[in-house]
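Each chain, written out:
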Amino acid sequence: MIETKQVDSFRFLDGITKKLVKTWIGLETQRELPWTPLSKPLDECTVALVSSAGLALNTDQPFDQEGERQNPWWGDPSFRVLPRMTKADDLKLYHLHISPHLVEQDINTFFPLQHLLELEYCGEIGRAAANHYSYMGYILQPELLLEKSVPCIIQNMKRDEVDVVLLVPG
């Protein structure tokens, strides 16, 4: 007999936030998820990472944490470009909803670039993209993110001939 486990998606939310999020989910209209099958084998594809952990290069402008402090329901809608040769020491976390200790322990938790490069080396994927991206998750008013940042990210990915995007939640 196969044992099954129930995943508690709300485990780390306080009681009021948990009730609010469950209510919002209940109000969502069901819609078909878009699905695009790969047009070529994965070992020929260029793969990019998109992290919602609010990571930026040490040399980049930080994400706006003051706005997040003033309104914990708000998140900076901008994004940062993380080149394929980015190392853990090159990055800083700018997200008040994520413990910096998790990033310090293992950057691959929120930005598994090293693992992606290993998949490239082993021939499992064609190559890791030239650039990867990060934005702040937990944005409950995503209009600016969707209207400005996402189209720029898509344009950059098209330029880099990205075939597959791996979304890494933060």
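Residues numbered from 1 in each chain as written. Predicted model: local features only at pLDDT ≥ 70, side-chain atom pairs only at ≥ 80, totals over all residues. Heavy atoms only, no water.

Digging into the layout of surface pockets
And step 1. The volume enclosed by the largest pocket comes to roughly 1,500 Å³.
And step 2. Taken together, 41 residues form the lining of the largest pocket, with Ser52, Tyr135, Gly137, Tyr138 and Ile139 sitting closest to its centre.
And step 3. For the lining of the largest pocket, the elements supplying multiple residues, two or more each, are helix H1 (15–27), helix H5 (143–159) and strand S7 (164–168).
And step 4. For the lining of the largest pocket, the leading source of residues is H5, giving 7 residues.
And step 5. When grouped by side-chain class, the residues that make up the lining of the largest pocket number 26 nonpolar, 9 polar and 6 charged.
And step 6. Put simply, the second largest pocket is a space of about 310 Å³. (1 Å grid on protein atoms, 1.4 Å probe; cavity = no way out; pocket = protein on both sides within 12 Å on 5 of 7 lines; lining within 4 Å. Points joined across faces, edges and corners; volume = space filled by probe spheres on them. Helix = DSSP H or I, 4+ residues; strand = E, 2+ residues; numbered from the N terminus. Nonpolar A, V, L, I, M, F, W, Y, C, P; charged D, E, K, R; others polar.)

Digging into the environment of Pro72
And step 1. Its place among the elements puts Pro72 in the loop between helix H2 (65–70) and strand S3 (79–83).
And step 2. Note on Pro72: relative accessible area 42%, which makes it partly exposed.
And step 3. Expressed as a C-alpha distance, the spacing of Pro72 and His97, which sit 25 residues apart in the sequence, is 8.4 Å.
And step 4. Every residue in contact with Pro72, bar those within four places of it in the chain, is listed here: His97 and Tyr138. (Buried < 20%, exposed > 50% of the residue type's maximum accessible area, 1.4 Å probe, protein only. Contact = heavy atoms within 4.5 Å.)

Observations concerning the nonpolar core
And step 1. Leu55, Phe111 and Leu116 are the most contacted members of the largest nonpolar core, which totals 19 residues.
And step 2. Elements that contribute at least two residues to this core include exactly strand S1 (46–51), strand S2 (55–57), strand S4 (91–93) and helix H4 (113–122).
And step 3. It is H4 that provides the largest number of residues to this core, a total of 3 residues.
And step 4. Not counting chain neighbours up to four residues away, the residues in contact with Phe111 comprise Leu49, Leu55, Leu82, Thr86, Leu91, His132 and Val168.
And step 5. Grouped together as the second largest cluster of nonpolar side chains are 8 residues, Val50, Ala129, Ile153 and Met157 included. (Core = buried A, V, L, I, M, F, W, Y, C linked by side-chain atoms within 4.5 Å.)

With respect to H4
And step 1. Among all positions in H4, only Leu113, Leu116 and Leu117 are buried. On an axial view of H4, the arc spanned by its buried residues comes to 100°, and they lie on one face. H4 presents Tyr121 and Cys122 as exposed residues on the side facing more than 90 degrees away from its buried surface.
And step 2. Residues of H4 that are buried in the fold lie against S1, S3, strand S5 (127–128) and strand S6 (131–135).
And step 3. Gly123 sits one or two residues past H4 and shows a positive phi near 85°. (Arc of directions from axis to C-beta.)

Some thoughts on a nonpolar patch on the surface
And step 1. A grouping of Leu20, Trp24, Leu27, Trp73, Tyr138 and Leu140 is seen on the molecular surface, where their side chains present a nonpolar patch of about 530 Å² in accessible area.
And step 2. The exposure class assigned to Tyr138 is partly exposed, which follows from its relative accessible area of 31%. (Patch = residues over 30% accessible without salt bridge, like charges linked within 9 Å, V, L, I, M, F, W, Y side chains within 5 Å. Areas by Shrake-Rupley, 256 points an atom, 1.4 Å probe, with all protein chains shown as cover. Salt bridge = Lys/Arg side-chain N within 4 Å of Asp/Glu carboxyl O.)

Some points on the pattern of salt bridges
And step 1. What the rule picks out here adds up to 4 salt bridges.
And step 2. In this structure, Arg84 engages Glu120 in a salt bridge whose closest nitrogen and oxygen atoms are separated by 2.9 Å. Here Arg84 is found in the loop between S3 and S4, whereas its partner Glu120 is found in helix H4, with 36 residues between them in sequence.
And step 3. The class for Glu120 is partly exposed, based on a relative accessible area of 22%.

Some words on the side chain of Ser134
And step 1. Position of Ser134 among the secondary structure elements: in strand S6.
And step 2. Judged by its relative accessible area of 0%, Ser134 is buried.
And step 3. A polar contact of 3.2 Å, which involves the side chain of Ser134, links it to the backbone oxygen of Ser51.
And step 4. Those residues in contact with Ser134 that sit more than four places away from it in its chain are Ser51, Ala53, Gly54, Leu55, Phe63, Ser78, Phe79, Arg80 and Leu82. (Polar contact = N/O pair within 3.5 Å; in protein donor to acceptor, adjacent residues only side chain to side chain.)

Thoughts on the pairing of S1
And step 1. For S1, the buried fraction is high: 6 of the 6 residues fall into the buried class.
And step 2. As paired strands, S1 and S5 are joined by 2 bridges and run parallel to one another. Paired with Val47 across the strands is Ala128, a residue of S5.
And step 3. Two elements, S1 and S7, share 5 bridges in a ladder whose sense is parallel. Following the sheet pairing, Ala48 is matched in S7 by Val165.
And step 4. Relative to S6, S1 runs parallel, the two being bridged by 2 bridges. Among the inter-strand pairings, Ser51 is bridged to a residue of S6, identified as Ser134. (Pairing = 2+ DSSP bridges.)

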